[in-house]
Amino acid sequence: MRKFQKSVVLEMASGLAVIYAALWAGRWLSEISGNLLPASIVGMLLLTIALQFRWIKLAWVERTANQFVRWMSLLFVPISIGLVEHIETLLQALPAMLLTCALATLILLVVVGKAYQHWEHKHELKATQPQSVDGEAK
Amino acid sequence: MVNFLYLPLTIGLFIAAKHLQQRFSVTWLNPVLITLSILVVSLLALDISFDDYNQYSGWLSKLLEPAVVALGVPLYKQLYDIKAELPRIAITIVVAAVVAIATTVGLALVVGASPEIAASLAPKSVTTPIAVLISEQVAGEPALTAIAVLITGLVGAVVGIPVLKLCGVHSSKAQGIAMGTACHALGTARIAEEGHQQGAYGALALVLSATFSAMLCPLIVPLFT
């Protein structure tokens with residue numbers, strides 16, 4: 001039991017160390033590149049690259065990362081509470097916001113779904129007809 | 001003096017709301033929506049300022065950046081399976097990000113929103129921690145963006161799947177990518193209930209669309225405002 005707890009603490013600590021190291025590296029890279037991308041996204045990409053090239057082991061970060069992802073939605077509650085300072089703007093803008101968000105989301109959903117399905121279908125047709133002349137595979 | 005209490009209160013409400021959602025397994029009983037509604041109404045009714053609330057609760061916001069970094073782990077796991085399709089997915093999502101930003105900002109201005117509000121809505125399809133960062137970059141209001149993201153996610157989670165099926169999108173990969181791109185984490189969570197493949201493609205789309213939108217928003221939004 002004690003051994004188990006010890007390993008959990010160690011895993012959480014090593015995970016935090018890796019994630020913050022990636023974040024700090026991300027901050028630095030983001031700054032010298034003129035803030036092209038937010039530091040956290042650069043950090044995320046660095047973490048992915050580090051895992052991909054086996055610079056770090058998945059076991060070092062997996063547990064901590066899972067917890068972060070699991071509780072991520074809680075983390076944006078305080079930011080959203082900031083709307084109490086803008087409640088008048090929000091109430092005024094709410095009809096426009098609702099209409100825009102709903103309509104634009106549905107358009108995007110259908111466009112992306114249709115486009116990818118079409119592409120996927122075309123690819124499968126090509127894959128099943130290897131003999132046919134390229135470009136006429138339909 | 002009482003300010004430190006808002007932090008455990010926020011966490012407690014969120015956990016209770018999460019249990020409530022799992023108990024009844026209804027998507028629109030979203031824990032963030034419930035926690036947010038209760039706290040906003042209470043703060044307004046009791047005339048408590050945001051600064052008081054945020055004095056300690058703001059600690060949670062500081063964890064957003066490492067949480068985004070942590071998304072690198074699921075991304076790495078997806079990459080392993082999806083490598084061959086990656087170029088195709090990436091191109092789809094770059095185009096989707098342009099369409100998303102342009103239609104959102106355009107529509108907002110057409111229905112009479114101010115440029116600041118239109119800019120705040122631009123990253124509405126991106127997961128909140130990144131959307132609020134983008135919002136700051138394009139001179140929007142992060143609090144409004146957070147609400148827009150929430151509305152978008154709820155729309156997708158509630159009507160997304162019926163709408164996709166109605167329009168003839170039956171491929172599970174296409175459904176996953178559409179939900180992850182258009183309605184971020186909430187849409188991904190909903191589509192993941194349909195199957196592992198949908199969930200994996202949704203998660204990848206979520207991360208990629210956030211990355212591309214962060215690059216594209218500062219370029220596209222100024223064209224409109």
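Residues numbered from 1 in each chain as written. Chains lettered and ligands numbered in written order. Predicted model: local features only at pLDDT ≥ 70, side-chain atom pairs only at ≥ 80, totals over all residues. Heavy atoms only, no water.

> Sorry if this is basic, but what is going on with the pattern of salt bridges here?
Here the idea is simple: oppositely charged side chains can pair when their charged atoms come close. Applying the stated criterion to the full structure yields 5 salt bridges over all chains. R27(A) is paired through a salt bridge with E65(B); the nearest N and O atoms lie 2.7 Å apart. Note that R27(A) is positioned in helix α1 (residues 2–32) and E65(B) in helix α4 (residues 64–70), a pairing that runs across two chains. Relative accessible area serves as the criterion here: at 23%, E65(B) is assigned to the partly exposed category. Here K77(B) makes a salt bridge to E62(A), at a shortest N to O gap of 2.7 Å. (Salt bridge = Lys/Arg side-chain N within 4 Å of Asp/Glu carboxyl O. Helix = DSSP H or I, 4+ residues; strand = E, 2+ residues; numbered from the N terminus. Buried < 20%, exposed > 50% of the residue type's maximum accessible area, 1.4 Å probe, protein only.)

> Got a minute to help me understand helix α8 (residues 128–137) of chain B in this structure?
Working note: α-helix, 3.6 residues per turn, so residues spaced by three or four point in the same direction. Residues and elements named next belong to chain B. Among the 10 residues that make up α8, 7 are buried, leaving the element largely enclosed by the rest of the structure. Every buried residue of α8 is accounted for by T128, P129, I130, A131, V132, I134 and S135. Among the residues trailing α8, A139 stands out with phi positive, at a value near 60°.

> Which parts of the structure should I look at to understand the nonpolar core?
Note on soluble globular proteins: their nonpolar side chains tend to be buried together. The biggest cluster of nonpolar side chains holds 109 residues, and the ones touching the most others in it are L47(A), I81(A), M97(A) and I89(B). When residues no more than four places from it in sequence are discounted, the contact partners of M97(A) are L90(A), I117(B), L121(B), L144(B), I147(B), A148(B) and I151(B). (Core = buried A, V, L, I, M, F, W, Y, C linked by side-chain atoms within 4.5 Å. Contact = heavy atoms within 4.5 Å.)

> What exactly am I supposed to notice about the interface of chain B and chain A here?
It is common to report an interface's size as the accessible area lost on association of the parts. Residue-level contacts link 93 residues of chain B with 70 residues of chain A. Approximately 7,400 Å² of surface area, both sides summed, lies buried where chain B meets chain A, with 80% of it carried by carbon and sulfur atoms. A per-residue breakdown of the area chain B buries against chain A is headed by V69(B), Y76(B) and R88(B), which together make up 10% of the total. In this structure, the connection of chain B to chain A is made through 2 salt bridges. Remark: the boundary between chain B and chain A carries 11 residue pairs in polar contact (both at pLDDT 80 or more). When residues of the side of chain B that touches chain A are assigned to their parent elements, the largest contribution, 12 residues, is made by helix α9 (residues 142–166) of chain B. Counted by class, the side of chain B that touches chain A contains 63 nonpolar, 20 polar and 10 charged residues. (Buried area = accessible area lost by both parts, 1.4 Å probe. Polar contact = N/O pair within 3.5 Å; in protein donor to acceptor, adjacent residues only side chain to side chain. Nonpolar A, V, L, I, M, F, W, Y, C, P; charged D, E, K, R; others polar.)

> Would you mind showing me how to read the environment of V126(B) here?
Residues and elements named next belong to chain B. Mapped onto the elements, V126 comes out in the loop between α7 (115–121) and α8. You can call V126 buried: its relative accessible area is 3%. If near-sequence neighbours (up to four positions away) are discounted, V126 is found in contact with A131, I134, V149, H184, S209, A210 and S213.

> Would you explain the packing of helix α1 (residues 6–24) of chain B against helix α3 (residues 50–62) of chain B in this entry?
All names here are of chain B. Orientation of α1 relative to α3, taken along the N-to-C sense of each, is 60°, at an axis distance of 8 Å. Considering their axes alone, α1 and α3 lie oblique with respect to each other. Touching Y6, L7, T10 and I11 of α1 are D52, Y53, Y56, S57 and L60, all from α3. In the contact of α1 with α3, the residues fall into 6 nonpolar, 2 polar and 1 charged. (Axes fitted to C-alpha atoms, helices over the stretch in contact; angles between N-to-C directions. Parallel < 35°, antiparallel > 145°, perpendicular 65-115°, else oblique.)

> Where do I start with the confidence of the model for chain A in this structure?
Fine structural detail should not be taken from predicted coordinates in areas where pLDDT scores are low. Residues and elements named next belong to chain A. For chain A, per-residue confidence averages 84 on the pLDDT scale, and 88% of positions sit at 70 or higher. Ranking the elements of chain A by mean pLDDT puts helix α4 (residues 72–75) last, at 82, and helix α2 (residues 39–52) first, at 91. Every residue in residues 131–138 is under pLDDT 50, and counting partners more than four places away or in other chains gives 5 contacts. (pLDDT = per-residue confidence, 0-100.)

> Can you help me understand the side chain of S209(B) in this one?
All names here are of chain B. On the secondary structure map, S209 appears in helix α11 (residues 196–224). Residue classification places S209 among the buried positions, given a relative accessible area of 3%. Sequence-distant contacts of S209, defined by excluding residues within four places in its chain, comprise I93, V126, G180 and T181.

> Hey, could you run me through the environment of A205(B) in this one?
Residue and element names in this part refer to chain B. Within the secondary structure layout, A205 lies in helix α11. Sequence spacing of A205 and H184 is 21 residues, and the spatial spacing of their C-alpha atoms is 8.2 Å. If sequence neighbours within four positions are ignored, A205 has contacts with I93, I177, G180 and T181.

> Can you help me understand a nonpolar patch on the surface in this one?
On the surface, a nonpolar cluster with roughly 520 Å² of combined accessible area is contributed by V2(B), F4(B), L5(B), Y56(B) and W59(B). Mapped onto the elements of the fold, L5(B) is located in the segment before α1. (Patch = residues over 30% accessible without salt bridge, like charges linked within 9 Å, V, L, I, M, F, W, Y side chains within 5 Å. Areas by Shrake-Rupley, 256 points an atom, 1.4 Å probe, with all protein chains shown as cover.)

> Would you take a moment to explain the packing of aromatic side chains for this structure?
For any pair of aromatic rings, geometry is given as the distance between the ring centres together with the angle between the planes. The full count for this structure, using the stated rule, is 5 aromatic pairs over all chains. Pairing Y6(B) with Y53(B) gives two aromatic rings, centres 5.9 Å apart and planes at 35°, and the pair type is tilted. Of this pair, Y6(B) sits in helix α1 while Y53(B) sits in helix α3, and the two are 47 residues apart along the sequence. Residues Y6(B) and Y53(B) agree in their burial class; the two are buried. An aromatic cluster of at least three residues, connected via ring pairs, comprises Y6(B), F50(B) and Y53(B). Note that K18(B) overlies the ring of W71(A), its terminal NZ or CZ placed 4.5 Å from the centroid. (Phe/Tyr/Trp six-rings, centres within 6.5 Å; stacked < 30°, edge-to-face > 60°. Lys NZ or Arg CZ within 6 Å of the ring centre and 35° of its normal.)

> Whenever I open this one, the packing of α1(B) against helix α2 (residues 31–45) of chain B confuses me. Can you help?
To characterise two packed helices, one gives the angle between the axes of the helices and the distance between these axes. Residues and elements named next belong to chain B. Their axes nearest at 8 Å, the elements α1 and α2 cross at an angle of 135°. Compared by their axis directions, α1 and α2 come out oblique. Crossing hand, α1 versus α2: right-handed. In contact with L9, T10, L13, F14, A17, K18, L20 and Q21 of α1, α2 contributes P31, V32, I34, T35, I38 and L39. (Left-handed = near helix turned anticlockwise from the far one by under 90°.)

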